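Architecture at a glance
Next come the chains, spelled out residue by residue.
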Amino acid sequence: MSEEARRIARATLPEGLRRETLAVRTALAPSQHGENSEALFLTSAYVQPDAETSAQRFSNSEDFTYSRTSNPTVRSLEARLAALEGTEGAIATSTGMSAILLLGMGVLKTGDHVVCSRSVFGSTINLFAKEFGKFGVETSFVSQTDLAEWRAAVRPGSTKLFFAETPTNPLTEVCDIRALAGLAHDAGAILAVDNTYSTPALQRPAEMGADIVMHSATKYMDGQGRVMAGALCGPDKLVRDVFAPILRTVGMTLAPFNAWVVLKGLETLSLRMKAQSEQALAVARWLEAQPEVDRVYYPSLASHPQHDLAMRQQSGQGGAVLSFDLKADSPEAARAAAFHVIDSTRVLSIATNLGDTKSIITHPATTSHGRLTEAQRQAAGIGQGLIRLAVGLEHVDDITDDLLRGLSTLTTR
Ligand SMILES: *Cc1c(COP(=O)(O)O)cnc(C)c1O
């Protein structure tokens, strides 16, 4: 055994490992100390052995010189993300939103056009409509599920990007990734998919033709609600040649500590996604049987309008987010009922986040969708009686008991 091999044990992995193994094992080689858990490199600069080596490393962006441009802990996370999504590369960013900013800076310029679902995350809509709009990039917002609208929105020659998110928040609407990839490529554009809700544990958009897979790693990848992080996964010709040079200049770099937390989160991702999806399905079925509940939105239910597509696309799992509408005669009564159910909980967290082991209950109409007008909310299907649940890992009976406290004492029906 060479001296180098003796110092760095098990520096390389065999070919053909399965995704669960890659989630635990993919990383840069350990340091000379042989640590079994990947090291956290909290350093802004890297000492160079001599001026000549320093000159070489500064001319090769793959080498470690300064942590805005590269850091070993961040690099380990990027390697693990790419392995899970099945893409050539991945680049980590400070938040999910900065990943979309990086995407836009990389593939759009003044005069270009974007086609985007109108049901995507609210800040994503603002970023495309307002911020990119300032630089002369126009975005058409279309139906999440009607492919004809996507096709009709294309402006030949100027449409450069299709942006989709599936399933959506809070109504869990599902779009057909394979079909959108076909439409985008016919138009000479690329398809980017926000895979935050399903994660590669359930859904791998690159396998269905998406060019870029975007993540808010703040959610299920961290998995315990601790840090903010984001990523773009895709081919080297975009990740390494286009996005990496921009990130090095602009600096939406992921902090090493946050990268380390997410790296560790990925090791349990597939277990958590399976368990939380199963719990969400149990809660969704229970809610469907409650007389106070008008409708439940969850992809694994046969009543979901894109049930078959969702099951094909998401490894037969619905994910951990569901929503339900309460019966009520007026928007005022609906809001009072929703507030009563939310305020009657003793276990669930009243918050606006998801992807945590702690279940979270949210009133979309007054939080995530609070800035829309009532008419816009009606058009989006977000009524005052709608409640979103991001199901965590508490015992499922404690979750349903917590909901029953409010449902069984409603007086507004
Ligand atoms: C949270 C979220 C984002 C934004 O991510 P941040 O990490 O909060 O910046 C984007 N898309 C989806 C679907 C999200 O849930």
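Residues numbered from 1 in each chain as written. Predicted model: local features only at pLDDT ≥ 70, side-chain atom pairs only at ≥ 80, totals over all residues. Heavy atoms only, no water.

As a further point, take the overall build of the protein. The helix and strand tally for the protein stands at 16 helices and 12 strands. Taking 22 Å as the expected radius of gyration for a compact globule of 413 residues, we find that the protein reaches 22 Å, a close match to that expectation. Reported as C-alpha extents along the three principal axes, the dimensions of the protein are approximately 75 × 50 × 35 Å. Burial status across the protein gives 52% buried among its 413 residues. Of the contacts formed within the protein by residues at least 6 apart in sequence, a portion of 71% connects residues at least 24 apart. As displayed, the protein has an accessible area near 18100 Å², and 52% of this comes from carbon and sulfur atoms. (Helix = DSSP H or I, 4+ residues; strand = E, 2+ residues; numbered from the N terminus. Rg over C-alpha atoms; globule rule 2.2 N^0.38 Å. Buried < 20%, exposed > 50% of the residue type's maximum accessible area, 1.4 Å probe, protein only. Contact = heavy atoms within 4.5 Å. Areas by Shrake-Rupley, 256 points an atom, 1.4 Å probe, with all protein chains shown as cover.)

Across all of its chains, the model carries 1 cavity of 30 Å³ or more by this definition. Along its surface, the largest cavity is lined by Pro-167, Thr-172, Tyr-197, Ser-198, Pro-299, Gln-314, Gly-318, Gly-319, Ala-320 and Val-321. The class makeup of the residues in the lining of the largest cavity is 5 nonpolar, 5 polar and no charged. (1 Å grid on protein atoms, 1.4 Å probe; cavity = no way out; pocket = protein on both sides within 12 Å on 5 of 7 lines; lining within 4 Å. Points joined across faces, edges and corners; volume = space filled by probe spheres on them. Nonpolar A, V, L, I, M, F, W, Y, C, P; charged D, E, K, R; others polar.)

Under the defined criterion, the tally for this structure stands at 5 aromatic pairs. Summarising the aromatic geometry, the rings of Phe-128 and Phe-163 are spaced 5.3 Å apart at their centres and angled 55 degrees between planes, so their arrangement reads as tilted. Of this pair, Phe-128 sits in helix H6 (residues 122-134) while Phe-163 sits in strand E4 (residues 159-165), placing them 35 residues apart in sequence. Phe-163 matches Phe-128 in its accessibility class, with the two residues each being buried. Linked through ring pairs, Phe-128, Phe-132 and Phe-163 together constitute an aromatic cluster. (Phe/Tyr/Trp six-rings, centres within 6.5 Å; stacked < 30°, edge-to-face > 60°.)

Right, let's get into the environment of Pro-291. You can see Pro-291 is positioned in the loop between helix H12 (269-288) and strand E8 (293-297). Among the residues examined, Pro-291 registers a relative accessible area of 47% and is labelled partly exposed.

In spatial order, the strands read E1-E7-E6-E5-E4-E2-E3; together these 7 strands make up an open sheet with mixed pairing. Looking at strand neighbours, the two that pair on one side only are strand E1 (89-93) and strand E3 (138-142), the edges of this open sheet. Neighbouring strand axes in the sheet, compared pairwise and without regard to direction, differ in orientation by 20 degrees on average. The pairing of strand E2 (residues 113-117) with E4 spans 4 bridges and is classified as parallel. Residue Cys-116 lies in a different strand from E4, and its bridge partner there is Phe-163. Across the face of the sheet, helix H8 (residues 177-186) comes into contact with E4 and strand E5 (190-194) while running at roughly 150 degrees to E5. Sheet contacts for helix H10 (residues 236-250): E1, E5, strand E6 (212-216) and strand E7 (230-234); angle to E1, the most-contacted strand, approximately 25 degrees. (Pairing = 2+ DSSP bridges. Axes fitted to C-alpha atoms, helices over the stretch in contact; angles between N-to-C directions.)

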